[in-house]
Structures are given as C-alpha cells and as structure tokens.
Amino acid sequence: MAGVQVSNVSRSFGAHKALDDVSIDFADGGFYALLGPSGSGKTTLLRQIAGFDFPDSGRITIGGESVERVPVEKRRIGMVFQNYALFPNMSVADNVAFGLSVRGEAKATIATEVQRALDLVQLGKLGGRRPHQLSGGQRQRVALARAIVTKPRVLLLDEPLGALDKALRVDMQIELKRIQREIGITTIFVTHDQEEALTMSDRIGILRDGRLVQEGPPEEIYDRPKSEFAATFLGDANIFRGDSTGNGIRLPDGTAIAAGAGATLAAGAKASCAVRPERIRIATEAGTPDAANSNTLKGQISKRIFAGNNSTYFVERAGQTLKVIVQNTGMERLAEGQDVVLHWSPESTVLIAPG
Amino acid sequence: MTATTRILEWFGRLYIWLLLAFLYLPIIIMALMSFNVSPFYQLPFEWTTEWYASLWQNDQLIAATWNSVEIAVIATVICTVLGSAASLALYRYEFRGKKFLQALLFPPIAIPWLITGTAMLIFFFGVGIGRGLHAILLGHVALALPYVIVVVSARLQTFAPELEEAARSLGANQWQVTRRVTLPWIMPGVIAGGLFAFAVSFDQFVVSYFLATPGQTTLPVEIYAAIRKGFTPEINAVSTIIIVVSMALMLLTARFFKFGGEK
C-alpha cells in the first residue's frame, strides 16, 4: 500500500497537450475519482500512473519511489479496464492466478490466494467458468479480483462501471467501496459520471483540457466550486454573470446578489455567482423576504417537470432560464406561466472569479 | 408453404447438387478409376488395388512425393514462424513505411506463378542459388509467406489490445505476454496460415517446375513428366492419395477458421 504523488506532469501527443502541468497528491488508502469530460486527460493521467505511457516532464512517485520511467510490469499496480480485458482463453481462476503465476509463485500459494480473492468478490464457486459464461457484473468482479490478488501498491480503475446497466452499477459501486475499505488500498478511479464520483470517492479531481481544475472532497467541490466549469460539471448550477461588488455581484439590470461570507473579489471586476437549483425557494408572491434568504429575483415559470419526489421548475428572468428543484413535500403545485419570486441565501451563493 | 417457395427451394437444392457434382464428379471418377483393372477407363468396373501396388514400386514417384512432403513441411514451419512474427510486429509497432510494407504483401498473391517462377529462376541463377530442392524450398517459402501474414493479421484484428496491457499490468514481461495471452488468441490463425502454407507448397507446380533439376523433383512436377511419357493409372492412385490428404487438411483449416469466430 502506498500513496501516489503526481508532480507537474505534462504529456503531449503531437500538438495536443493531453496533460498540462498536473499535480495531485493521492494519500495512502484513499479513494480518488478523476472526473472530467472525454478528452479532459483523465485517462491519460491514469495511464501515466499505471506506466503504460511516460510523461514528457514531471514526476510520479508511488510510496515515495520515483516511477515515471518504470514500465507498467515493474510498478506493482493493479488495474481494472473499462471492458474488463479478461483473458478469453483462460478460466476465471486462471485469469485471477495470472499475476501470481508470472511472478513464479508456488502452485499451492497461488491456489490459496486465488480462492481468497474470488471469495472477496463473492465469486468463490465460479473459478472453473470461462469469462464468456459470466454476466457483466461477474466479469467486473473477476477483473477486480485479478487486479488485487497480487497485492498491488495502488489500484487503478478506468471507467470500471461504464458498461453496466444502472441497477447493477449502484450495486457494484457499493461493492467496490466495501472491497476497497476491506483491503485499504489506495484507489484511483477514472469516470465521467459525476454521481459515481460524488457517491464513491473521498476526494475528487476535476480535469478539463489536460489541466486540473479543482481537487478536494466531494462536498467541498459541490458547495464551493472555484470555476463555472466545476460548478456545472459536478452537479447542476444556475450561473449569474455581472460585476463584482466585493462579496457578491451586480447583474446588468442593477439587481444585487450577495454571496456567502468569506467570498471576496476586487469590486468592479467581472465575476459570476453559482447557485444550486435545490437551494432556491420558489413562492407565488414577494411577501417579506426573511433575512436568511435575502437574494430575491422575480420571474415566470416557463416549464415544469414532475419527477415524483421532486419537481423542476424552469423560470424565465431577464432572458435567462433558471432552474429550481423543489421537493414535493406537500400537495401544492405551481403552474406554467405563473409569476413567481425566487429566494435563496447568500450562504448558498458561490462567488466565482472569471475565467 | 406456398407452391412458389416450394419450387424455389427445390431449385435451390438442385443448384447445390449440380455445383457439388461439377466440383467433385471428375475427382470421384478419377478415384474410382484408380481402383479399376482397365488402364483405359473401360467399363465394367472391376476392383483392383494393382495400381496402388505398382505405385509402391515406382521409386521415382515415391521419391518425388517425399520431396514434396519434406519441402512442404519445412516451408510450413518457416512460414508459420516468420509469418506470425511479422504479423505481430505489424500489429504492435508503428514505423516508417509500415503501410507500404503491408500493401506489398498482396501483389505476390495476385502475380501469376508463371511470372514469379520465371523471375525466381533468373534471380536464383544471378545470385548463385541455382536450381534444386533448396531453390524450390526457398521459392515456396517466398510464395507462402504472404498467405500466413494475411491470415494471422486478420486474426490479430480481432485481438483486444487491452489484453496485452492487462497482462503487463499484472507483471508479465513481453515474452510472457506473447506466449500466454497473444499466441493462444491468434493460434487458430497461425494453424490456418500454416495449413495454407502447406497447401501452397504441396500443390505448387509452376515454380517447382522452373526450379527443379532432372533427378530431384517434387510430386506435381513428376506427375506432369509421367503423363507426358504416357499415362498410367498409377497417376490416378497417387492423385487419389493426395486428394484425400489435401481434403483432410482443408477440412481442418475450415474447422480452425470456425474457431476463429466469436466464441
């Protein structure tokens, strides 16, 4: 087991900068998600850590040992591939045994370790099957057992749940998390699914165009995104653009939006505010705005989407469509075309520097 | 079932049977005649194995047969090893001129053997290789190699490159990856390619004819010479043996090609 440090890693393919000066610290035993749209460099970063590809510059260490020029077969990592990459000519047990067998372990040791790994992923009885006789979820488990049986220093997962249907995915998320906790291995997990990243990881790194946009615990990134991209890529957000007032912004029409305490930007500069749709309250008339929810905007409902436990309202306001999600705790419903007033607290408002 | 579809189906069956008859009738007749007493294809048919017995006495024909088998086996081994290695290299590595090299693999299959044979004869004389069994072997290797590369490369197209990456991530070195992951996957292609190579060499007449020396020939060349001297049913007998062996090989090939499909 070991932590992984990526320091100032860059990698270009021709003129394309796939990774641009990326630094991340993956602490020992943590569960990390690398999140980003396709082409953001997340898989390239994973391949540098795995050793399939070497960075043009920068340093990678595993357990303090510099590995950026060490080929994958000498790095003692475990990897789970998107399409599992199980060896079709081998049984499940032989697949899991492969890593031990190429190391020249004794047959008896291999048999014991393989059985232990298969038991861990709850496939103890399926060792004799061939990969093509297994379901998607079972193949996933075999791939995981194969990757961890060699006791690697770090476990790398490349969109491991991408090929599974939704129900199975949720099961596997829980299962993966359980196994990771049980063996306590540092795990780095590439995904483009924000929900997966939020629910599974201790920390998330968001990548875009080869750069690390933001890194931190899921709640911190969700509550305090540092850029419009981070705000909209991880979760949904209403973005207001205007001029900074120091601790908030003034919209072009003069309306002021206050941001939470601690947010400061030089007054007068261009700035944005991000508000999560579920933080906004919706009412039919102004009433007296309570102090806690002092940000107020008027608008008109253009569309309502009913989703059972919640409703999403699209509210038109000065040429901008705002999204508001309301839990359906009572029977009241607002109609399309209705004029409404939106309230939310400055604490739910994040002031974002331009760029 | 309507009357029309029934008639169509009937024509379909007829077509298949006619096709098979067209392909196999001459061969069957030849095989039967190799067991007929009359050397002049006269009926009624009288069973004999006399021609097989006299074939056994025909040292020249037997020597030529063994030459053919030896050359075909050696050519097959060389082509399978070199061809598979070349296919793996073409699959794994990117290098300057790779596309050009791959394009160059196809013309030798299309160029008439008569032309290849003439070219080889001139070239072998020019560089001092000359004629003889060694020259025939060299020629056969050159002829059969592209077939192996094409067949093995086709099989490699179905190989998932992540399998090699997965093996490496588990600590396997290049040799272990190739032997335990890649080779087992392409083996049906390697075997099919080998059978192709064997067939190309064993059936080869034109190139062998150009490169053979009078005492040292291969079976097809010897049969041709024997027919020119005067036909004997021994030729039917040896042809029948070859057909049985060739067909067995081709059926094996077909079987391996089937293995090549998704399991």
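Quantities reported herein were computed from a predicted structural model and do not represent experimental measurements.

Calculation rules
- Residues numbered from 1 in each chain as written.
- Chains lettered and ligands numbered in written order.
- Predicted model: local features only at pLDDT ≥ 70, side-chain atom pairs only at ≥ 80, totals over all residues.
- Helix = DSSP H or I, 4+ residues; strand = E, 2+ residues; numbered from the N terminus.
- Buried ≥ 20, exposed ≤ 12 C-beta atoms within 10 Å, placed from the backbone.
- Contact = placed C-beta atoms within 7 Å.
- Pairing = 2+ DSSP bridges.
- Axes fitted to C-alpha atoms, helices over the stretch in contact; angles between N-to-C directions.
- Parallel < 35°, antiparallel > 145°, perpendicular 65-115°, else oblique.
- Left-handed = near helix turned anticlockwise from the far one by under 90°.
- Nonpolar A, V, L, I, M, F, W, Y, C, P; charged D, E, K, R; others polar.
- Core = buried A, V, L, I, M, F, W, Y, C linked by C-beta atoms within 7 Å.
- pLDDT = per-residue confidence, 0-100.

1. Regarding the overall build of chain B
What chain B contains, in helices and strands, is 12 helices and zero strands. Along chain B, helices (α) and strands (β) appear in the sequence α-α-α-α-α-α-α-α-α-α-α-α when read from the amino end. Along the first, second and third principal axes, the C-alpha set of chain B runs to 70 × 70 × 30 Å. Counting the 263 residues in chain B, one finds 33% classified as buried. Residue pairs at least 24 apart in sequence account for 79% of intrachain contacts in chain B once pairs closer than 6 positions are excluded.

2. Description of the sheet that holds strand E4 (residues 57-62) of chain A
Residues and elements named next belong to chain A. Strand order in the open sheet formed by four strands is E2-E1-E4-E5, with antiparallel pairing between adjacent strands. Each end of this open sheet is capped by a strand with a single partner; those strands are strand E2 (16-26) and strand E5 (65-66). Here two bridges tie E4 to E5, and the two strands are oriented antiparallel to one another. Paired with Thr61 across the bridge in E5 is Ser66. The strands that helix H1 (residues 42-50) touches are strand E1 (4-13), E2 and E4; relative to E1, the one it contacts most, it runs at about 120 degrees.

3. Focus on the packing of helix H4 (residues 136-148) of chain A against helix H5 (residues 166-183) of chain A
Residues and elements named next belong to chain A. Contact geometry for H4 and H5: axes closest at 11 Å, N-to-C directions at 20 degrees. In terms of orientation, H4 lies roughly parallel with respect to H5. Here H4 and H5 pass one another in a crossing that is right-handed. For the pair H4 and H5, contact is made by Gly136, Gly137, Gln140, Leu144 and Ile148 and by Leu168, Met172, Ile179 and Ile183, respectively.

4. Re the interface of chain A and chain B
Between chain A and chain B, the contact holds 19 residues from the first and 17 residues from the second. Elements with a contribution of two residues or more to the side of chain A that touches chain B: strand E6 (77-80) and helix H2 (92-102) of chain A. When residues in the side of chain A that touches chain B are grouped by element, the largest group, three residues, is from H2 of chain A. Taken together, the residues of the side of chain A that touches chain B break down into 11 nonpolar, five polar and three charged.

5. Focus: the sheet that holds strand E20 (residues 349-352) of chain A
All names here are of chain A. Ordered in space as E13-E12-E11-E14-E20, the five strands form an open sheet in which the pairing is antiparallel. Looking along the sheet, the strands with just one partner apiece sit at the ends: strand E13 (256-258) and E20. Strand-to-strand twist in this sheet, taken as the mean axis angle between neighbours without regard to direction, amounts to 35 degrees. For strand E11 (residues 238-244) and strand E12 (residues 248-250), the ladder comprises two bridges, and the chain directions are antiparallel. Its bridge partner lying in E12, Ser244 is registered against Ile249.

6. Let's talk about the packing of H2 of chain A against helix H3 (residues 107-120) of chain A
Two quantities define a packed helix pair, namely the angle between the axes and the distance from one axis to the other. Residue and element names in this part refer to chain A. Remark: H2 packs on H3, axes separated minimally by 9 Å, with the N-to-C direction vectors making an angle of 125 degrees. With respect to their mutual orientation, H2 and H3 come out oblique. In this structure, H2 crosses over H3, and the sense of that crossing is right-handed. The segment H2 lies against H3, with Ala93, Val96, Ala97, Leu100 and Ser101 engaging Ile110, Glu113, Val114, Ala117 and Leu118. Grouping the constituent residues of the contact of H2 with H3 by class yields eight nonpolar, one polar and one charged.

7. Notes on the nonpolar core
In terms of nonpolar packing, the biggest core is built from 99 residues, with Val96, Ala145, Leu156, Ile188 and Cys273 of chain A touching the most fellow members. If you look at the next biggest cluster of nonpolar residues, it comprises 33 residues, including Phe124, Leu137, Ala192 and Val207 of chain B.

8. Looking at the confidence of the model for chain B
Residues and elements named next belong to chain B. For chain B, per-residue confidence averages 85 on the pLDDT scale, and residues scoring 70 or more make up 97% of the total. Across chain B, element-level confidence peaks in helix H8 (residues 161-169) with a mean pLDDT of 92 and bottoms out in helix H12 (residues 233-259) with 77. Interface scoring of the predicted complex returns ipTM 0.83; its pTM is 0.78.

9. Some details on H2 of chain A
With respect to burial, H2 of chain A is a largely interior element, eight of its 11 residues being buried. Along H2 of chain A, the residues classified as buried are Val92, Ala93, Asn95, Val96, Ala97, Phe98, Gly99 and Leu100 of chain A. Buried residues belonging to H2 of chain A abut H3 and H4 of chain A together with H8 of chain B. Backbone geometry just after H2 of chain A places Gly104 of chain A at a positive phi near 75 degrees.

10. Quick word on the pairing of strand E17 (residues 310-317) of chain A
All names here are of chain A. Relative to E17, strand E16 (residues 295-306) is paired through six bridges, and the arrangement is antiparallel. What sits directly across from Lys303, in E17, is Phe314. Two strands pair when backbone bridges link them, and E17 and strand E18 (residues 320-327) are joined in this way by eight bridges, in the antiparallel orientation. Considered in E18, the bridge of Arg317 is made with Gln320. If you look at the hairpin formed by E17 and E18, you'll find two residues sitting between the two strands, and Ala318 has a positive phi there, around 50 degrees.

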